[in-house]
Every structure is written in structure tokens, then in C-alpha cells.
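Now for the letters of each chain:
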Amino acid sequence: MLLTCLLLAMLAWFIVKMTVNYTATYALEVVFYNLPENKVLVNQSDTMLNVVFEDKGLSLLPLELSSKKLKIDYDKITSSYQKKYNHICVQEKQLKEYIANAHKFSKNIKSIQPTRICIQLQDEIEK
């Protein structure tokens, strides 16, 4: 009986803690994929992105328990205008929208540092 009460008390405590709003900062490793077939990534301004989320504990839990790697689909995050060039900068608005649409991240992004990531592509050398 005592064990049951203790387990119920811990469950109630956990539920209350998960409904409170938290501000959490995560350092996410940035990896670009799905680059154009004939291009290779030769330079990336930043490989780490510090993202501050403000949300309920339950919304932050999946990120807390998962890999801190942000895989960015080049084809989805870049505009048709950006795709014309080998040197592009993915801006803060693009990064926030991309992160908010990724299923494991909270949609309530307070800030991002750096505010942009620039990449340099180069034509792949045929062998």
C-alpha cells in the first residue's frame, strides 16, 4: 500500500513538473544533407547552433532524450533563388521555420545563435 502511494505521488509530481514552462538552451550539431548531385560541401560557417526553446517540459522532453544533431535538408531549407548559387547563407527565419517543422523539436523558439549559417558548395570533380 505504501509503495502504491509512493508511486502515485511520484507520478503526480512528474506530471506537474512536465506542465511547467521551461527555457532550455541546446547546442545542436548542424549537418547538411540532400545536396545537389553534382555539388560537394567545401565550407560551412558554423557547425554548431545554439537554440533557446521556451515551452512546457513535455514538449522539451523528446529533444532532451534524443540526439542533439540537426540534420538540415538542403533541398527543403533553400529557396529557388538560393539554389542558383554556390555560396549561400541560410537566414534566421529559414532556420526557425525548419526547426519548428522538425518533429522532435519544440515549435516555441526564443532565439538562435548564430543567426545564419553560410555554406560554400563546389562542383564535384569527375574522376
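Cut-offs and rules
Residues numbered from 1 in each chain as written. Predicted model: local features only at pLDDT ≥ 70, side-chain atom pairs only at ≥ 80, totals over all residues. Heavy atoms only, no water. Disulfide = S-S within 2.5 Å. Helix = DSSP H or I, 4+ residues; strand = E, 2+ residues; numbered from the N terminus. Pairing = 2+ DSSP bridges. Axes fitted to C-alpha atoms, helices over the stretch in contact; angles between N-to-C directions. Contact = heavy atoms within 4.5 Å. Core = buried A, V, L, I, M, F, W, Y, C linked by side-chain atoms within 4.5 Å. Buried < 20%, exposed > 50% of the residue type's maximum accessible area, 1.4 Å probe, protein only.

Engineer: In this structure, what is going on with the state of the cysteines? I would like to understand it.
Structural biologist: Put plainly, two cysteines are in a disulfide when a covalent bond ties their sulfur atoms together. All chains considered together, the criterion is met by one disulfide. In this model cysteine 89 forms its disulfide with cysteine 118; the gap between the sulfur atoms is 2.0 Å. Given an S-S torsion of about 100 degrees, the disulfide between cysteine 89 and cysteine 118 has right-handed geometry. Of this pair, cysteine 89 sits in strand β5 (residues 87–90) while cysteine 118 sits in strand β7 (residues 117–123), and the two are 29 residues apart along the sequence.

Engineer: Explanation requested: the sheet that holds strand β4 (residues 69–73) in the structure shown.
Structural biologist: Sheet strands pair via backbone hydrogen bonds, and the direction of the pair is either parallel or antiparallel. Spatially, the four strands line up as an open sheet ordered β4-β1-β3-β6, and their pairing is mixed. The strands lining the two open edges of the sheet, one partner per strand, are β4 and β6 (109–113). Ignoring strand direction, the axes of neighbouring strands in this sheet form an average angle of 30 degrees. Note that strand β3 (residues 48–56) and β6 share four bridges and pair antiparallel. Note on β6: the bridge partner recorded for valine 52 is serine 111. The strands that helix α2 (residues 57–65) touches are β1 (21–33) and β3; relative to β3, the one it contacts most, it runs at about 150 degrees.

Engineer: Hey, could you run me through the nonpolar core in this one?
Structural biologist: Buried together is how nonpolar side chains tend to be arranged in soluble globular proteins. In terms of nonpolar packing, the biggest core is built from 27 residues, with Leu49, Phe53 and Ile99 touching the most fellow members. Of the residues forming this core, the biggest block, five residues, is contributed by β1. Once you skip the residues sitting within four places of it in the chain, phenylalanine 53 turns out to touch Tyr22, Thr23, Ala24, Tyr26, Leu60, Leu63, Ile99, Phe105, Ser106, Asn108, Ile109 and Lys110.

Engineer: Would you explain the pairing of β1 in this entry?
Structural biologist: For a regular strand, side chains alternate in direction, first toward one face of the sheet and then toward the other. In the sheet, β1 pairs with β3 via nine bridges, with the strands oriented antiparallel. Bridge assignment links tyrosine 22 to a residue of β3, and that residue is aspartate 55. In this sheet, β4 lies alongside β1 in parallel orientation, the contact comprising five bridges. The residue of β4 that forms the bridge with valine 30 is leucine 70.

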